[in-house]
Amino acid sequence: MSVALEVSGLEVAYRSARGFVPVVRGVDLTLAKGRVLALLGESGSGKSVTLRSVVGLTAREGARVSGRVRVLGQDVLAMDARRQLDLRGSQVGFVFQEPMTALDPVFRVGDQIAEVLVRHRGATWAEGMARARALFDLVQIPAAAQRLRAYPSELSGGLRQRAMIAIALACEPPLLLADEPTTALDATVQIQVLLLLRDLQKQLGTAVVFVTHDLGVAAEIADEVAVMYAGRIVERGSAEQVLLAPEHPYTRALLGCVVRGGYAEAPLVELAGSPPDLARLPPGCSFAPRCVSAFAPCGVEEPGEREREAGHRARCHLGR
Amino acid sequence: MLRYLLRRLAYVAPIAVGVTLIVFLLVHIAPGDPISAILPDDASAEMVAEARREYGLDKPLPVQYGIWLWRAAQGELGTSIRSGRTVASELSMAVGNTFILAVAAGLLACVLGVALGLVAGLARDRIGDHLTSLFTLAGVSLPHYWVAILLVIVFAVENPWLPPLGMGPDSSDGWRPDWAHLQHLILPAIATALIPMAVIARTMRASVIEALDQDFVTTLHAKGLLPGRRLWHVLRNALPTTLAVTGLQLGNMLGGSVLVETVFAWPGTGFLLANAIFQRDLPVLQGTMLVLSLFFVVLNLAVDLLQSWADPRIRRA
Ligand SMILES: Nc1ncnc2c1ncn2[C@@H]1O[C@H](COP(=O)(O)OP(=O)(O)OP(=O)(O)O)[C@@H](O)[C@H]1O
Ligand code: SF4
Ligand SMILES: [Mg+2]
């Protein structure tokens with residue numbers, strides 16, 4: 001089996017005052033082993049919820065989750081809680097956006113790495129610490145011995161995120177989920193951590209789902225790209241296909257935003273308006289109110305996903 | 001850690017000096033002349049002057065303070081005006097008795113408080129939480145002496161299950177943890193423990209919930225850690241705040257024990273203090289206050305150190 005991750009028909013809804021609000025509305029994804037997928041989209045489009053649902057972390061937030069998620073051929077959502085725990089940390093690593101709050105402030109960093117190995121690899125604490133030391137070298141944290149005994153607040157943001165990566169990779173999982181791992185860091189540190197992740201991915205052959213706002217980052221590290229809008233994947237394909245020849249007006253608008261940053265007067269597609277209210281989505285295409293290409297069927301019928309080229313799919317009525 | 005210890009000690013020293021100063025001045029601030037309490041009402045002016053010289057009260061205040069402090073440091077706290085025994089001997093007995101009550105009540109308050117708070121925090125907004133919260137709310141709202149009297153009425157008078165007064169048979173080998181003594185301890189310990197237990201439980205509940213709401217808890221799940229290990233993380237995060245409050249509560253418990261000891265005639269420092277006040281026995285009053293307040297200072301220091309051990313962020317603050 002060469003598929004690391006297979007998501008089909010994933011739906012996630014959170015309870016609100018007005019009943020359950022769908023936040024992820026039927027997501028399909030496939031990622032082969034050793035490949036890197038960048039998950040793009042505006043704030044609130046459901047990227048983090050999708051990622052957390054992949055390892056069953058949203059159910060404990062009270063979310064209603066349905067659909068199918070297979071990690072290395074195992075059906076995650078059908079597993080009992082204990083088997084999910086066995087999977088997390090050992091087969092799937094997770095890196096969060098905020099390295100400050102994602103680490104336990106009152107535990108030494110070394111212990112937070114070692115406990116994963118004690119839990120999943122049956123290591124003793126001494127073995128766990130020795131391995132943690134090696135992992136610190138792997139993620140290029142200088143003065144490893146001393147830093148292992150540090151508390152998270154004694155490390156800089158960049159070092160904290162490296163420690164978080166060390167935790168996620170401690171058991172050398174075949175799949176790594178990274179939710180905007182560089183967003184909270186300073187610009188120069190962002191690049192260092194990004195390059196580190198790319199090198200480690202190559203070195204260990206890990207499959208990675210990488211959530212980001214940043215198209216430049218996506219272009220830098222991704223083999224494949226998926227673009228999310230209002231809880232749906234609106235376009236997916238190889239990085240070249242999606243980033244160089246985008247089919248969906250939303251993807252074009254996103255790319256336009258980036259280009260305009262450099263060329264103030266270039267008359268490119270505008271991304272006007274604000275993200276939709278998931279509790280009251282418009283009929284038809286959810287992007288229609290903001291879409292410059294919208295035409296008659298868009299306000300009536302919801303577009304299905306269609307393949308444009310081999311592996312390049314988009315959800316849009318255009319070019320039918 | 002050593003540097004932190006030294007820094008804390010440097011803070012505590014002036015407080016300790018301040019405490020001794022206040023206790024010393026108390027005699028001079030308290031209404032009524034201590035001499036008039038010793039001498040007969042018709043004593044002549046000469047006798048008063050003689051007594052003043054004898055007690056060193058004719059010297060300037062700073063000198064009196066110095067002498068008093070020097071003697072106190074050697075355990076010479078004077079003689080009880082009422083019993084004629086030395087204050088030191090009265091105190092050492094009372095301190096021992098209060099210690100027994102404080103240990104029992106402190107253990108009860110800590111163990112029960114932490115356990116109840118943990119249960120309530122983990123069961124947040126569910127039935128287990130509501131029940132414990134109701135109980136602890138009652139605990140913080142009821143006054144010590146009221147609970148003490150209620151306990152006596154219910155468990156000693158109406159139903160003669162437990163003795164209402166004293167601390168057990170008076171034998172030469174002192175207090176022993178046998179039933180004859182322990183049965184006297186139960187009611188006072190419960191009355192003393194109730195408020196601190198309830199406050200500790202409420203604090204613990206709030207800190208557990210605060211810890212559970214933090215992002216790192218999601219990381220614990222993402223790491224696949226088992227429930228026991230996750231609970232240990234949450235506990236370690238909830239404990240520093242609870243410890244701080246526990247320390248204060250154990251201090252306040254000393255205040256509560258004055259009333260509880262008086263109701264149960266438990267011959268501890270609180271009982272001694274209450275009697276000294278009613279009988280205007282100034283040397284005993286002074287000595288007891290000194291010991292109690294210095295103990296309070298030391299207790300706070302201990303709590304600080306314990307807290308800094310539990311939470312590394314405090315050490316650097
Ligand atoms: N625990 C939760 N409870 C209720 N609603 C939630 C929860 N987590 C996320 N949501 C809602 O789900 C929607 C999608 O959130 P998500 O965090 O996945 O967005 P995102 O694409 O990751 O955005 P960002 O780029 O800002 O991280 C948002 O409307 C958010 O309010
Ligand atoms: S379906 Fe219509 S509204 Fe939706 S993106 Fe395509 S063109 Fe725009
Ligand atoms: Mg997010």
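Remember, it's a predicted structure, so these values are computed and weren't measured experimentally. (Residues numbered from 1 in each chain as written. Chains lettered and ligands numbered in written order. Predicted model: local features only at pLDDT ≥ 70, side-chain atom pairs only at ≥ 80, totals over all residues. Heavy atoms only, no water.)

**What about the UniProt feature "transmembrane region" (unreviewed entry) in chain B?**
Residue and element names in this part refer to chain B. Mapped onto this numbering, the UniProt entry gives "transmembrane region" (unreviewed entry) at residues 9–30, 99–122, 134–157, 182–201, 258–278 and 284–306. The distance separating the terminal C-alpha atoms of residues 99–122 is 33 Å; by composition the span is 100% helix and 0% strand. Secondary structure across residues 284–306 comprises 100% helix and 0% strand; the distance between its end C-alpha atoms is 33 Å. (UniProt positions renumbered as here; feature names shortened; annotations may be inferred. Helix = DSSP H or I, 4+ residues; strand = E, 2+ residues; numbered from the N terminus.)

**Overview of the pairing of strand 3 (residues 36–41) of chain A**
All names here are of chain A. Among the six residues of strand 3, six are classified as buried, and the element is accordingly described as predominantly covered. Of the two faces of strand 3, the one holding Val36, Ala38 and Leu40 and the one holding Leu37, Leu39 and Gly41 are both buried throughout. Pairing of strand 3 with strand 8 (residues 207–211), which is carried by four bridges, proceeds in the parallel orientation. Residue pairing for strand 8: alanine 38 is matched across the bridge by phenylalanine 210. (Buried < 20%, exposed > 50% of the residue type's maximum accessible area, 1.4 Å probe, protein only. Pairing = 2+ DSSP bridges.)

**Considerations on a nonpolar patch on the surface**
All names here are of chain B. The grouping of Tyr145, Trp146, Ile149, Leu150, Ile153, Val154 and Leu259 at the surface amounts to a nonpolar patch, some 610 Å² of accessible area in total. Element by element, the count of residues in the nonpolar patch is highest for helix 7 (residues 144–158), at six residues. By secondary structure assignment, the location of valine 154 is in helix 7. Residue valine 154 is classed as partly exposed on the basis of its relative accessible area, which comes to 30%. (Patch = residues over 30% accessible without salt bridge, like charges linked within 9 Å, V, L, I, M, F, W, Y side chains within 5 Å. Areas by Shrake-Rupley, 256 points an atom, 1.4 Å probe, with all protein chains shown as cover. Salt bridge = Lys/Arg side-chain N within 4 Å of Asp/Glu carboxyl O.)

**Some thoughts on the interface of chain B and chain A**
Taken together, the contacts link 25 residues of chain B with 27 residues of chain A. Across the interface of chain B and chain A, roughly 2,300 Å² is buried in total on both sides, 58% from carbon and sulfur atoms. When the buried area of chain B at its contact with chain A is split by residue, His221, Ala222 and Lys223 of chain B rank highest and sum to 25% of it. With a closest N to O distance of 2.6 Å, arginine 229 of chain B and glutamate 115 of chain A form a salt bridge. Connecting chain B to chain A are 15 residue pairs in polar contact (both at pLDDT 80 or more). For the side of chain B that touches chain A, the secondary-structure elements that each account for two or more residues are helix 9 (216–222), helix 10 (227–264) and helix 13 (312–316) of chain B. Its residues placed into classes, the side of chain B that touches chain A shows 10 nonpolar, seven polar and eight charged. (Contact = heavy atoms within 4.5 Å. Buried area = accessible area lost by both parts, 1.4 Å probe. Polar contact = N/O pair within 3.5 Å; in protein donor to acceptor, adjacent residues only side chain to side chain. Nonpolar A, V, L, I, M, F, W, Y, C, P; charged D, E, K, R; others polar.)

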